[in-house]
Amino acid sequence: MALTIDDVWRDYNTRGVPASGDYKPSKSEIRRLLKQMFGGTAAVGDFQGAWAIGTSYITADYVENGGSLWLAKRGNIGVTPIEGDDWTLLLPGVTVADATVTDAKVAAGVAAAKINYLLPATGAQTRTVQSRLTDMVSVFDFMTPSEVASVKARDGLVDVTAAINAAVASGHSVTMLEGLARCDGMIIIGPNQSLTLGPAARLKRFALKADGATAGSQFPVVHVKGNWARFSGGSVESLCNSPSGVVCCGHLDSTTSNYNSLFWRFENCDVYCKDFGGAAASPYPNFAQGIGVYVPSSQPNLGNSTVNYFGLISNITVYNGTTNLYLTDLANSHTIQNFRSEFFYHHAIVLSGAYGNSIYGTFLNGSYKDDAEAIYLTTKSYPAAPYASSLQSNYNNIFGLTSELYTDGCVTLKVDADCQNNFVQIGHNSGGAVYWTDLDGANTILEPHKNQMAGQMTLRGHLYPGATANFNLGSGTSEWNRIYLVNAPIVSSDRALKQDVDALNERELLVARAIPGLVRRYRLTREVDVGAAGFHIGLIAQDVALEFSKHGLNAAHYDLISVDPETGRMALRYEELAMMAIAGLAA
C-alpha cells in the first residue's frame, strides 16, 4: 500500500492519541515516501521474514505468518497479523521458502522462487511456485510485449517465428493457448521437443512477409523433425504454395535430411492449404503445389542411417490441398488414424514408394476435379544409388475408408500394377465416385457395403461358412473363372440327407442315353473377345433341356439345369448329368 505524508509526519504513534507517544519516522519510511513522490516504486516495502513477537514493524513491511503474507498498514506495530487496522492479508495460502528475500516488491510480484506451492491433494509435495510454473512453458514467455499483443489481437502484423522456435528449443513442453501467430519462417520441432496449440490458436503463413517481401513456399510452416518430436492442436494455414507441405513430418525432403526421424507425432490439428479457387480454378494447380501434410524420407538417397519410420498422424483434417496427404520416398511403417480430407484437386492421399503404412478411419469429402483420384498407390523411381531402381508402394493397409466425392468420373482408389500386397477396406463409397484398381500385384480390396471383395487373398487356415447349406460361392451373374484344387470336391451323399429315392424311369433313361450324343466342341465368347480362346468340350444347357421335353419331361423339375432369374442364362450340374449318362449306359 502507498505511504502518505500524513503517515510519515503524524504527531503520535496512534493518530489522535497523545498518550501513545511522539511518532518518529524511520529513514526507510522517509526514503519510500520520497521515492513515491518522485517516481519511485515504494508502495510495498521490504520482506521481513517470518513474523516475530516483540518485533516492531513499520508501514509497508510484509511478513510471513500462518502460511500467508501480511502487509503492515502503519508503523511501530507488534501485534499478531490479522486483518484490521494494523495488518492486511497480502497473499493467502503460501509460505516463504526462506527468509532471504530482500527488496521484493509485491506490486511487481513476490519472487516465485521464494514462495512455496502445495497442491490440495493427498500425497502432494511442497515445491516453489517457480518450479510449478515451469511445468508448462508458453511461447509468450519468449516474446516481447508488442509480439504478445500482436498474437493475442490476431492481427498478423508481427513475425514471431524466432520467438516460437526459441521457446520450443528451450527443452520444455511449450504451449500457445490462444491467438494467431504470423510465421514468415519455419517452426522447427526437433527431437524430444513439443509444441501444443490451444483449440483457437493458429500458426499462419501469409502471401507476403511482414516486411513486404514475397513469402517463401519452399519450406513448410511447421516441420516436425527428428525422434519423438511432437506437435498437437490448433490449426496451421498457408496462403503460399506448399510443395513441402503446410506441415512436414519426419524428414524435410528426400535428399538433405541426414538424420533418423522416428516415433514423431502430429495430432489434433486442422491444416489449411492455399485457396486456388475451388472448382472454378483456372488453370488447375498441379498435384504438388498445395500439399497439406508431407511425409518424405531421405533414405533412398542417403542410405539406411537416415530413415523416417514409425510416425503417428492422428485426428488431422486437411482442407483444399492439391494433395492433402503425401507419403513418399520409403516413408515406412507410419500410422494414420482419423484422417479427414475436406476437398482436394488431384489426390486426397498419395503413397508413392511408401511401404507398410496403416491408415485407419479415413473420410474423404469432395473433390474439385472430375478426374481426381482420391487415394493413389504408385511407384517412385530412383536413378542413383543406393536405390537405383523403382520403389513400389507395398504392404500398406487402409481400413474403414469412407468416400463422398460428389463429382462424376472421380476415382476413389487407384493402385498401380507393380504395387503389391496392399489391403483396402472401403466402408462407404458414394457421390458418383468410380472405383478402379489394377489387381495384378496380389492387392485385396473389400467393399462390405456392396458385399464385394476384389483382388487376391491368401488363407493360412480353414474357411468355413456361417451355417451349413445356407450360402453360395458366386451366382448366376457373378461367376468364378477357374478353381484350382489338389483333390476333387467331396459332396455330402449320406442316405439320411435324402428322400424320395428311386431308380430312373424309362423316359429318364431315354434322356440319359441321349446325353453323350449332345456333347459339342465350342469356344467361349468372352475368351474370344480377349483373344485367348481355346476349344472346350461340353454340353449346351438348352440342348439338354430340349431332350427332356422330347420325352415328355419338364427340365425345370430337375435340379441339374438352373436358370438365372435376372438374366435367364442357363447352367448345368455336370456331375449329375454324368451320373445320368452312366445310368443310361448301364440300363
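Scroll up to find the structure this text is about.
Computed from a prediction, not measured in an experiment: that's the story for all the values here.

### With respect to the overall build of the chain
At step 1: When helices and strands are tallied, the chain shows ten helices and 35 strands.
At step 2: Residues counted as buried form 43% of the 587 residues belonging to the chain.
At step 3: Of the contacts formed within the chain by residues at least 6 apart in sequence, a portion of 58% connects residues at least 24 apart.
At step 4: When the accessible surface of the chain is totalled, it reaches about 30,400 Å², and 54% of it is carbon and sulfur.

### Remarks on a nonpolar patch on the surface
At step 1: A cluster of nonpolar side chains, Leu473, Trp480, Ile483 and Leu485, forms an exposed patch at the surface whose accessible area comes to about 520 Å².
At step 2: Judged by its relative accessible area of 55%, Leu485 is exposed.

### Thoughts on the packing of helix 7 (residues 506-514) against helix 10 (residues 574-586)
In a pair of packed helices, the angle between the axes and the distance between the axes together describe the arrangement.
At step 1: Orientation of helix 7 relative to helix 10, taken along the N-to-C sense of each, is 105°, at an axis distance of 7 Å. The angle between helix 7 and helix 10 places the two elements in the roughly perpendicular class. Two secondary-structure elements touch here, helix 7 through Glu508, Leu509, Val511, Ala512 and Arg513 and helix 10 through Met580, Ala581, Ala583 and Gly584.
At step 2: Counted by class, the contact of helix 7 with helix 10 contains six nonpolar, one polar and two charged residues.

### Quick word on helix 10
At step 1: For helix 10, with 13 residues, the first-to-last C-alpha span of 18 Å sits near the 18 Å given by 1.5 Å per residue.
At step 2: Every buried residue of helix 10 is listed here: Leu577, Met580, Ala581 and Gly584. Around the axis of helix 10, the buried residues are gathered within 100° of arc, so they sit on the same side. Across from the buried face of helix 10, at angles greater than 90 degrees, the exposed residues are Met579 and Ala586.
At step 3: Buried residues along helix 10 sit against helix 7, helix 9 (541-550) and strand 35 (570-572).

### Notes on unusual backbone geometry
At step 1: Its identity as a non-glycine residue notwithstanding, Arg154 has a phi of 60°, on the positive side.
At step 2: Among the secondary structure elements, Arg154 is positioned in the loop between helix 4 (145-153) and helix 5 (161-169).
At step 3: Exposure remark for Arg154: the relative accessible area of 38% places this residue in the partly exposed category.
At step 4: Look at Phe310: it is not a glycine, yet its phi comes out positive at around 65°.
At step 5: Here Phe310 is to be found in the loop between strand 20 (308-309) and strand 21 (312-328).

### As for the pairing of strand 27 (residues 397-404)
The side chains of a regular strand alternate, residue by residue, between the two faces of the sheet.
At step 1: In this sheet, strand 27 lies alongside strand 23 (residues 358-365) in parallel orientation, the contact comprising seven bridges. Across the sheet, residue Asn365 finds its bridge partner in strand 27, namely Glu404.
At step 2: With six bridges joining them, strand 27 and strand 29 (residues 423-430) adopt parallel strand pairing. Pairing of Thr402 across the sheet is with His428, part of strand 29.

### Some thoughts on the nonpolar core
At step 1: Formed by 65 residues in total, the largest nonpolar core has its most connected members in Ile164, Leu195, Leu203, Val222, Phe231, Phe266 and Val293.
At step 2: Ranked by the residues each element gives to this core, the list is headed by strand 22 (residues 335-352), at six residues.
At step 3: Those residues in contact with Ile164 that lie beyond four places of it in its chain are Val139, Met143, Ala181, Cys183, Ile187, Leu195 and Leu203.
At step 4: Listed in part, the 17 residues of the second largest apolar core include Val511, Leu518, Ala541 and Ala581.

### Some points on the side chain of Asp564
At step 1: Relative to the elements of secondary structure, Asp564 occurs in the loop between strand 34 (561-563) and strand 35.
At step 2: This buried residue, Asp564, is left without a salt bridge; Arg569 holds the nearest opposite charge, at 6.3 Å.
At step 3: In this structure Asp564 touches Gly476, Thr477 and Arg569, once residues within four positions along its chain are discounted.

### Looking at the pattern of salt bridges
Any two side chains of opposite charge can pair, on the condition that their charged atoms come close.
At step 1: Per the counting criterion, the structure on display carries 15 salt bridges.
At step 2: One continuous salt-bridge network, built from bridges that share partners, spans Arg202, Lys204 and Glu237.

### Thoughts on the packing of aromatic side chains
At step 1: Considering all chains together, one arrives at 16 aromatic pairs under this definition.
At step 2: On the numbers, 4.6 Å between centres and 5° between planes, the contact of Tyr272 with Tyr319 is stacked. One end of the pair, Tyr272, is in strand 18 (residues 265-272); the other, Tyr319, is in strand 21, with 47 residues separating them in the sequence.
At step 3: Each ring, one from Tyr355 and one from Tyr395, has its centre 5.6 Å from the other, and the planes form 55°; the classification is tilted. With Tyr355 in the loop between strand 22 and strand 23 and Tyr395 in the loop between strand 26 (390-391) and strand 27, this residue pair connects regions lying 40 residues apart in the sequence.
At step 4: Owing to a relative accessible area of 36%, Tyr355 belongs among the partly exposed residues under this scheme.
At step 5: For Tyr395, a relative accessible area of 43% translates into the label partly exposed.
At step 6: Counting every residue linked through ring pairs, the aromatic cluster contains Phe276, Tyr284, Phe343, Tyr345 and Tyr368.
At step 7: Above the ring of Tyr272, the side-chain terminus of Arg202 is found at 4.7 Å from the ring centroid.
At step 8: It is Arg521 that lies over the ring of Phe535; its NZ or CZ is 4.4 Å from the centre.

### Description of helix 5
At step 1: Residues of helix 5 that are buried: Thr161, Ala163, Ile164, Ala167 and Val168. End-on view of helix 5: buried residues confined to an arc of 165°, all on one side of the axis. Exposed and oriented more than 90 degrees from the buried face of helix 5 are Ala162 and Ala169.
At step 2: Next to the buried residues of helix 5 lie helix 4, strand 8 (173-176), strand 9 (180-182), strand 10 (187-189), strand 11 (194-197) and strand 12 (202-205).
At step 3: Directly after helix 5, the chain includes Gly171, whose backbone phi takes a positive value near 90°.

### A closer look at the side chain of Thr323
At step 1: For Thr323, the position within the fold is in strand 21.
At step 2: We classify Thr323 as buried; its relative accessible area is 0%.
At step 3: In this view, Thr323 contacts Phe287, Gly290, Ile291, Gly292, His347 and Val350; residues no more than four positions away in its chain are not counted.

The rules behind these values
- Residues numbered from 1 in each chain as written.
- Predicted model: local features only at pLDDT ≥ 70, side-chain atom pairs only at ≥ 80, totals over all residues.
- Heavy atoms only, no water.
- Helix = DSSP H or I, 4+ residues; strand = E, 2+ residues; numbered from the N terminus.
- Buried < 20%, exposed > 50% of the residue type's maximum accessible area, 1.4 Å probe, protein only.
- Contact = heavy atoms within 4.5 Å.
- Areas by Shrake-Rupley, 256 points an atom, 1.4 Å probe, with all protein chains shown as cover.
- Patch = residues over 30% accessible without salt bridge, like charges linked within 9 Å, V, L, I, M, F, W, Y side chains within 5 Å.
- Salt bridge = Lys/Arg side-chain N within 4 Å of Asp/Glu carboxyl O.
- Axes fitted to C-alpha atoms, helices over the stretch in contact; angles between N-to-C directions.
- Parallel < 35°, antiparallel > 145°, perpendicular 65-115°, else oblique.
- Nonpolar A, V, L, I, M, F, W, Y, C, P; charged D, E, K, R; others polar.
- Expected span 1.5 Å × (residues − 1).
- Arc of directions from axis to C-beta.
- Pairing = 2+ DSSP bridges.
- Core = buried A, V, L, I, M, F, W, Y, C linked by side-chain atoms within 4.5 Å.
- Lys, Arg positive; Asp, Glu negative; His and termini not counted.
- Phe/Tyr/Trp six-rings, centres within 6.5 Å; stacked < 30°, edge-to-face > 60°.
- Lys NZ or Arg CZ within 6 Å of the ring centre and 35° of its normal.

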